Amino acid sequence: GNSVTQMEGPVTLSEEAFLTINCTYTATGYPSLFWYVQYPGEGLQLLLKATKADDKGSNKGFEATYRKETTSFHLEKGSVQVSDSAVYFCALSDRTSGTYKYIFGTGTRLKVLA
Amino acid sequence: DSGVTQTPKHLITATGQRVTLRCSPRSGDLSVYWYQQSLDQGLQFLIQYYNGEERAKGNILERFSAQQFPDLHSELNLSSLELGDSALYFCASSLDSLTDTQYFGPGTRLTVL
């Protein structure tokens, strides 16, 4: 079945450091891929998405490229801020029986130190 | 703010009890999804409703049930609660069942003592 694998956390970085959070997937067909962010005590917020191979999703300085050849959707940001501290979830949309449900990775906690 | 609302924010109850979690989707969205987030299982899809009808089932226990009402709000009913049911329960909504972008509510934290 479809699945998503994320790098284990926590990831601890200093402010202004470069961020990469790895995400790989297995899927039949061509799912859309998503990154969601969960700030402490809050729900999940859609960060970015990509719907087909070579698409690049971007938002708030974060970006990720849908790589079909490596089945990856790594999240990157050039310069992180303390306010980026949160848990990041990679997900794919699994379309079966004519409807979509998400399959999530386990989440990666990011801590950014001032 | 995603536009999806969930009540209550927190719920504390005892084993064997029954609770109801409520979700109101974003205005205009017809599809509602329920997810459970626990430390050991991560985020898992439970069930989806579209315009009042069940459309997909995930890892939902038989002790759990859901429904979507004519005004499109949804309720998740959890009965015969066990300690292991303690988790965050999220509701998400999307425009319809063919739209793959979902918007999540703030969640209900359930603690079973």
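Participant: What should I look at first to understand the overall build of chain A in this one?
Facilitator: Looking only at helices and strands, chain A features 0 helices and 12 strands. Starting at the N terminus and walking to the C terminus, you meet the elements of chain A as β-β-β-β-β-β-β-β-β-β-β-β. Each principal axis of the C-alpha atoms in chain A carries an extent, and together these give about 45 × 30 × 20 Å. Put simply, chain A has 114 residues, and 47% of those count as buried. Looking at chain A alone, contacts between residues at least 24 apart form 56% of all its contacts between residues at least 6 apart.

Participant: How should I be thinking about the interface of chain A and chain B in this particular structure?
Facilitator: Accessible area lost when the parts come together is the quantity often used to give the size of an interface. With 20 residues of chain A at the interface, the matching set in chain B holds 20 residues. Buried surface at the junction of chain A and chain B, both sides included, amounts to about 1600 Å², of which 55% is carbon and sulfur. Remark: the boundary between chain A and chain B carries 0 salt bridges. Mapped by element, the contributors of at least two residues to the side of chain A that touches chain B are β5 (33-38), β6 (44-50), β10 (86-96) and β11 (99-104) of chain A. For the side of chain A that touches chain B, the element with the most residues is β11 of chain A, which contributes 5 residues. Taken together, the residues of the side of chain A that touches chain B sort by class into 8 nonpolar, 8 polar and 4 charged.

Participant: I would appreciate a short explanation of unusual backbone geometry in the present structure.
Facilitator: For residues other than glycine, phi is negative in most cases, and the peptide bonds are mostly trans. Here the bond from Gly-9 of chain A into Pro-10 of chain A is cis, since omega is -5°, no more than 30 degrees from zero. Within the secondary structure, Pro-10 of chain A sits in the loop between β1 (3-6) and β2 (11-14). Following Thr-7 of chain B, the chain continues to Pro-8 of chain B via a peptide bond in cis, the omega torsion being -10°. Even without glycine at this site, Glu-16 of chain A takes up a positive phi of about 75°. By secondary structure assignment, the location of Glu-16 of chain A is in the loop between β2 and β3 (19-21). You can call Glu-16 of chain A exposed: its relative accessible area is 61%.

Participant: Quick question: what am I supposed to make of the state of the cysteines here?
Facilitator: One way to say it: the disulfide is the covalent bond shared by the sulfur atoms of two cysteines. All names here are of chain B. All chains considered together, the criterion is met by 2 disulfides over all chains. Here Cys-23 is linked by a disulfide to Cys-91, with a sulfur-sulfur distance of 1.8 Å. Around the S-S axis, the bridge from Cys-23 to Cys-91 shows a dihedral of about -50° and counts as left-handed. Taken as a pair, Cys-23 in strand β3 (residues 19-24) and Cys-91 in strand β9 (residues 87-94) lie far apart in primary sequence, 68 residues in all.

Participant: Whenever I open this one, the environment of Gln-102 of chain B confuses me. Can you help?
Facilitator: Residues and elements named next belong to chain B. In this fold, Gln-102 is placed in the loop between β9 and β10 (103-104). With relative accessibility at 0%, the residue Gln-102 sits in the buried group. Gln-102 sits 56 residues away from Leu-46 along the chain, and the two C-alpha atoms are 14 Å apart.

Participant: How should the sheet that holds strand β7 (residues 64-68) of chain B be read in this particular structure?
Facilitator: Pairing between the strands of a sheet comes from backbone hydrogen bonds, and it takes one of two forms, parallel or antiparallel. Residue and element names in this part refer to chain B. Taken in spatial order, the 4 strands line up as β1-β3-β8-β7 in an open sheet, and their pairing is antiparallel. The sheet terminates laterally at β1 (5-7) and β7, the two strands that pair on one side only. Sheet twist, expressed as the average angle between the axes of neighbouring strands with direction ignored, equals 15°. The sheet contact formed by β3 and strand β8 (residues 74-78) spans 5 bridges and is antiparallel. Its bridge partner lying in β8, Arg-22 is registered against Glu-75.

Basis of the calculations
Counting from 1, residues in each chain are numbered in the order their sequence is written. Written order determines the labels here, with chains lettered from A and ligands numbered from 1. Owing to the predicted nature of the model, reporting of local features is limited to residues with pLDDT of at least 70; listing and counting of side-chain atom pairs is limited to 80 or more, with chain, interface and lining totals taken over all residues. Processing note: side-chain calculations cover all non-hydrogen atoms of the structure and skip hydrogens and water entirely. By the criteria applied, helices consist of DSSP H or I runs no shorter than four residues and strands consist of E runs no shorter than two, each listed in order from the N terminus. Each residue is placed in one exposure class: buried if its accessible area under a 1.4 Å probe, protein chains only, is under 20% of its type's maximum, exposed if it is over 50%, and partly exposed if it falls in between. It only takes one pair of heavy atoms within 4.5 Å for two residues to be counted as in contact. Put simply, buried area is how much 1.4 Å-probe accessible surface two parts lose in total, over both of them, once they are put together. Within this document, salt bridges are pairs made up of a side-chain nitrogen of Lys or Arg and a carboxyl oxygen of Asp or Glu, the two lying within 4 Å of each other. Put simply, Ala, Val, Leu, Ile, Met, Phe, Trp, Tyr, Cys and Pro go in the nonpolar bin, Asp, Glu, Lys and Arg in the charged bin, and everything else, Gly too, in the polar bin. Cysteine sulfur atoms that pair up within 2.5 Å are treated as a disulfide. Here a strand pair is declared whenever DSSP counts at least two bridges between the two strands. Here, axes are lines fitted to C-alpha atoms. For helices the fit covers the stretch in contact, and angles between N-to-C directions go from 0 to 180 degrees.

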